[in-house]
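Structural description and commentary
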Amino acid sequence: LHQSLVAAIDPAAASAIPFAVVTRDNWEEVAARIGAPATAFARAQGFDGKAGTSVVLPSPEGGVAAVLAGHPEGGDPFSPAKGVTSLPAGLYRLEPGSADPSATLLGLLLGLYAFTRYKGKSEARDIRFVVPDGVDGGEVGRQADAVAFARDLVNTPANDLGPAELEAAARAWAARMRASFNSIVGDDLLAQNFPLIHAVGRASSRPPRLIDITWGETFRPKVTLVGKGVCFDTGGLNIKPDAGMLLMKKDMAGAATALAAAQMIIEAKLPVRLRVLIPAVENAISGSAFRPGDVIPSRKGLSVEIGNTDAEGRLVLADALALADEEEPDLLLDFATLTGAARVALGPDLPPAYTDDEDLAAALVATGQSVNDPVWRMPLWKRYESMLDSKVADINHISGGSYAGSVTAALFLRRFVERAKSWAHFDIFGWTPVARPGRPEGGEPQTARLVLSLVRQRYGASA
Ligand code: BES
Ligand code: MN
Ligand code: MN
């Protein structure tokens, strides 16, 4: 399942092909360095150091003399990665320049990712990079690999990644991470009081489960990551129309994001006690499906009226968050492809982040920006809380109206978090609909690298 991008980092710099990140500011200087004929060749192809333009310069022997990749000042730090997969095979080294070499290398590695599981023969070229001076190649490679792992999970279709297969992948992952693993499957969810996870998953012939992974010394700060693991979302009895269902293999992107973030935290050996909780279900349709109008108990004790079976994500998260909350974690974060409304508000590239913790909110926005994994704060708007009132139960899980869908989903989740010292919810898209540099079309663990950076800032050892 898992494609290594670390292999694309090569320590042997000697014969490497120069790869120059060109800004409008350093273009004249680069032009002087490569000489007049090469500069004329580049100019003839319209290259002027602008974003998204690049040019491969030939050597007299018919090889590649150098690559110039345009990058705008203050633009997407991954923009030099545009077109990286169509570079000629070879070993490249980043020329010293004004751009952030660590971000450039990460973008290049992330841009090399391809989902090849179902392709007969690989068309991938052997493209490698020398680690530039001052860049921690191990760290960059580990981050790229964690992202690739998550992308593979999201890109794998639901016929090959149901709840059991997601559990198997998480179990194998936990073994690699030397983390402890537990899962509660099928009717045991009822016996152990996870009625909402069971209700959402019970219609599928592939039983629901709650995956629970822990790593790190128990006396460390407790960081818990909860990821929505809906392996396929038909909408249930409130069935989705064709266009809405087409991409729903990605409805476990929250789970993949939690695993990717956890992998980066573990491999960076950050001094925390980490826990990953994944409610893994398939929101399917059968005679045993839960229904609109049903009232279902929850782990927390609140009775929940089902307004729409397509709002399944918040239900499985509610029980998982309630469990997470029981041990009063220092930091509780959840990741979920929760609402279409989040995309209406902010589009596919900028996930909303929700928290009541002002310091955390500021840190999330700043950190996301600095590691090119951005979020935008949205409000847990108190006066919308009444939209979740139910006439028959303690709470309705959706709002009756059609406004503020991402906000009301977040407000619903908040009802299940009381004791955690700090909680944030990310309503991610989990998918890149149109390829961008460093972000091939397909699954994307949005906010995973942000979380690594946040946890490192908060709890990382100074030594
Ligand atoms: N998984 C979907 C939300 C989603 C859809 C995320 C498309 C990303 C892309 C979620 O389970 C869902 O169906 N939400 C409903 C909630 C509604 C019924 C209140 C939605 O957003 O339409
Ligand atoms: Mn749904
Ligand atoms: Mn869903």
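The structure contained in this document is the topic of the report that follows.

Cut-offs and rules
- Residues numbered from 1 in each chain as written.
- Chains lettered and ligands numbered in written order.
- Predicted model: local features only at pLDDT ≥ 70, side-chain atom pairs only at ≥ 80, totals over all residues.
- Heavy atoms only, no water.
- Salt bridge = Lys/Arg side-chain N within 4 Å of Asp/Glu carboxyl O.
- Helix = DSSP H or I, 4+ residues; strand = E, 2+ residues; numbered from the N terminus.
- Buried < 20%, exposed > 50% of the residue type's maximum accessible area, 1.4 Å probe, protein only.
- Near = heavy atom within 4 Å.
- Polar contact = N/O pair within 3.5 Å; in protein donor to acceptor, adjacent residues only side chain to side chain.
- Areas by Shrake-Rupley, 256 points an atom, 1.4 Å probe, with all protein chains shown as cover.
- Nonpolar A, V, L, I, M, F, W, Y, C, P; charged D, E, K, R; others polar.
- Donors = N, O, S within 2.8 Å, 3.2 Å for Na, K, Ca; no water.
- Tetrahedral: all angles 85-135°; square planar, octahedral: opposite > 155°, others 65-115°.
- 1 Å grid on protein atoms, 1.4 Å probe; cavity = no way out; pocket = protein on both sides within 12 Å on 5 of 7 lines; lining within 4 Å.
- Points joined across faces, edges and corners; volume = space filled by probe spheres on them.

**What to know about the pattern of salt bridges**
Scanning the model with the defined rule gives 31 salt bridges in all. Between R273 and E327 there is a salt bridge, with the nearest N and O atoms lying 2.9 Å from each other. Here the residue R273 occupies a position in strand β11 (residues 273–283), and E327 occupies one in the loop between α10 (313–326) and β14 (331–336), the gap between them amounting to 54 residues. Taking relative accessible area as the criterion, R273 reaches 7% and is therefore assigned buried. The closest approach of N and O atoms between K300 and E418, which form a salt bridge, is 2.9 Å. A residue pair is termed long-range when its members are at least 10 positions apart, and K300 in the loop between β12 (295–296) and β13 (304–305) and E418 in the loop between α13 (405–414) and β18 (423–427) qualify at 118 residues. Taking relative accessible area as the criterion, K300 reaches 30% and is therefore assigned partly exposed. Classification of E418 as exposed rests on a relative accessible area of 59%. Via salt bridges that share partners, E29, R33, R93 and E95 belong to a single interconnected network.

**Thoughts on α13**
For α13, a buried count of 9 out of 10 residues is recorded, marking the element as mostly surrounded by other parts of the structure. Among the residues making up α13, those that are buried are S406, V407, T408, A409, A410, L411, F412, L413 and R414.

**Looking at the site of ligand 1**
Among the 16 residues in the neighbourhood of ligand 1, the closest are listed as K240, D251, D310, E312 and G340. Side-chain polar atom of D233 to an oxygen atom of ligand 1: 2.9 Å apart, as the coordinates give it. In this structure, E312 approaches ligand 1 through a side-chain N or O atom, which is 2.9 Å from an oxygen atom. Here ligand 1 loses 78% of its free accessible area of 520 Å² to cover by the protein chains. Class assignment of the residues belonging to the shell around ligand 1 gives a composition of 4 nonpolar, 4 polar and 8 charged.

**Comments concerning the coordination of the manganese ion (ligand 3)**
Ligation of the manganese ion (ligand 3) by protein atoms is provided by K228 (NZ), D233 (OD), D251 (OD) and E312 (OE), these donors lying 2.0 to 2.4 Å from the ion. Around the manganese ion (ligand 3) sit 6 donor atoms, and with donor-metal-donor angles ranging over 78 to 174° the site reads as octahedral. In this structure, the manganese ion (ligand 3) lies 3.2 Å away from the manganese ion (ligand 2), the two metals sharing D233 as a donor.

**A closer look at empty space enclosed by the protein**
In this structure the tally under the stated criterion is 2 cavities of 30 Å³ or more. Estimated volume of the largest cavity: approximately 50 Å³. Looking at the largest cavity, the residues that line it are F19, S54, V67, A69, P80, K82, G83, V84 and L87. In the lining of the largest cavity, the residues fall into 6 nonpolar, 2 polar and 1 charged. Within this model, the second largest cavity holds a volume of roughly 40 Å³.

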